[in-house]
Amino acid sequence: MTIVQKMRSELTPAMKARDKAKTDFLRYWIAQLTLGTGEEMADADAIKKMRSVLKEARSGVTTFTAEEVAQLSQWVPASLSPEQIREALAPAAEQIRSAPKDGMALGIAMKTLAGKQVETEDVKAAVSAIRSEA
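> Where do I start with the nonpolar core in this structure?
Ile3, Met7, Trp29, Leu33 and Met50 are the most contacted members of the largest nonpolar core, which has 20 residues in total. Those elements giving two or more residues to this core turn out to be helix 1 (3-16), helix 2 (20-32), helix 3 (43-59) and helix 4 (66-75). Residue contacts for methionine 7: discarding those within four places in its chain leaves Leu26, Trp29, Ile30, Leu33, Met50 and Trp75.

> What's the story with the side chain of threonine 23 in this structure? I'm lost.
Inspection of the secondary structure assignment puts threonine 23 in helix 2. A relative accessible area of 6% means that threonine 23 is categorised as buried. A distance of 3.4 Å separates a polar side-chain atom of threonine 23 from the backbone oxygen of alanine 14. Not counting chain neighbours up to four residues away, the residues in contact with threonine 23 comprise Leu11, Ala14 and Met15.

> How do you make sense of helix 1 when you look at a structure like this?
Structural remark: α-helix, 3.6 residues per turn; residues separated by three or four positions point the same way. With 14 residues, helix 1 extends 21 Å from end C-alpha to end C-alpha; this agrees with the ideal 20 Å at 1.5 Å per step. Of the positions making up helix 1, those classed as buried are Ile3, Val4, Met7, Leu11 and Ala14. Elements that come into contact with the buried residues of helix 1 comprise helix 2, helix 3 and helix 4. Note on helix 1: the residue one or two positions beyond its end, arginine 18, has a positive phi of about 55 degrees.

> Help me out: how do you make sense of the pattern of salt bridges in this one?
Between side chains of opposite charge, a pair can form when the charged atoms approach closely. The full count for this structure, using the stated rule, is six salt bridges. The salt bridge involving arginine 8 is made with glutamate 40; its shortest N-O contact spans 2.8 Å. Of this pair, arginine 8 sits in helix 1 while glutamate 40 sits in the loop between helix 2 and helix 3; the two residues are 32 residues apart in sequence, bridging distant segments of the chain. Residue arginine 8 is classed as partly exposed on the basis of its relative accessible area, which comes to 38%.

> Explanation requested: the packing of aromatic side chains in the structure shown.
Each aromatic ring pair is described using two quantities: the centre-to-centre distance and the angle formed by the ring planes. One pass over the full model with this rule turns up three aromatic pairs. With centroids separated by 5.3 Å and ring planes inclined at 85 degrees, the aromatic side chains of tyrosine 28 and tryptophan 29 adopt a geometry described as edge-to-face. Aromatic pair tryptophan 29 and phenylalanine 64: ring centres 6.2 Å apart, planes at 20 degrees, arrangement stacked. Taken together, the residues span a long stretch of sequence, with tryptophan 29 in helix 2 and phenylalanine 64 in the loop between helix 3 and helix 4 at a distance of 35 residues. Every member of this aromatic cluster is reached through a ring pair, and the members are Tyr28, Trp29 and Phe64.

Definitions and cut-offs
Residues numbered from 1 in each chain as written. Predicted model: local features only at pLDDT ≥ 70, side-chain atom pairs only at ≥ 80, totals over all residues. Heavy atoms only, no water. Core = buried A, V, L, I, M, F, W, Y, C linked by side-chain atoms within 4.5 Å. Buried < 20%, exposed > 50% of the residue type's maximum accessible area, 1.4 Å probe, protein only. Helix = DSSP H or I, 4+ residues; strand = E, 2+ residues; numbered from the N terminus. Contact = heavy atoms within 4.5 Å. Polar contact = N/O pair within 3.5 Å; in protein donor to acceptor, adjacent residues only side chain to side chain. Expected span 1.5 Å × (residues − 1). Salt bridge = Lys/Arg side-chain N within 4 Å of Asp/Glu carboxyl O. Phe/Tyr/Trp six-rings, centres within 6.5 Å; stacked < 30°, edge-to-face > 60°.

Okay, structure coming up:
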């Protein structure tokens, strides 16, 4: 079941419960994640779009309320913690340390973490810590 399908399955109970905040939230995101052709956006793209909104909210630049941001974060899979990122980067630690530039080290780290849900800021911090161990 895709994210949009899950949202649609929760919409009717929210409407019956007269939960205006949840109903409005679900209607908005169903519309955002449905393409102009009526097709649903792929889950990976939907998660990417929702993550970008959460990132904006963390930076303080958002039109969403705190309640809407909290609801949205429930739909986005959890990211790896900084400790989990360090553990995942352990096999590539030597490559990261020996990279001539920080950008190259970050690139190695991101390739190592490909397919995993991570926050770029956490990866940068982990790369910094690994490079300072040298």
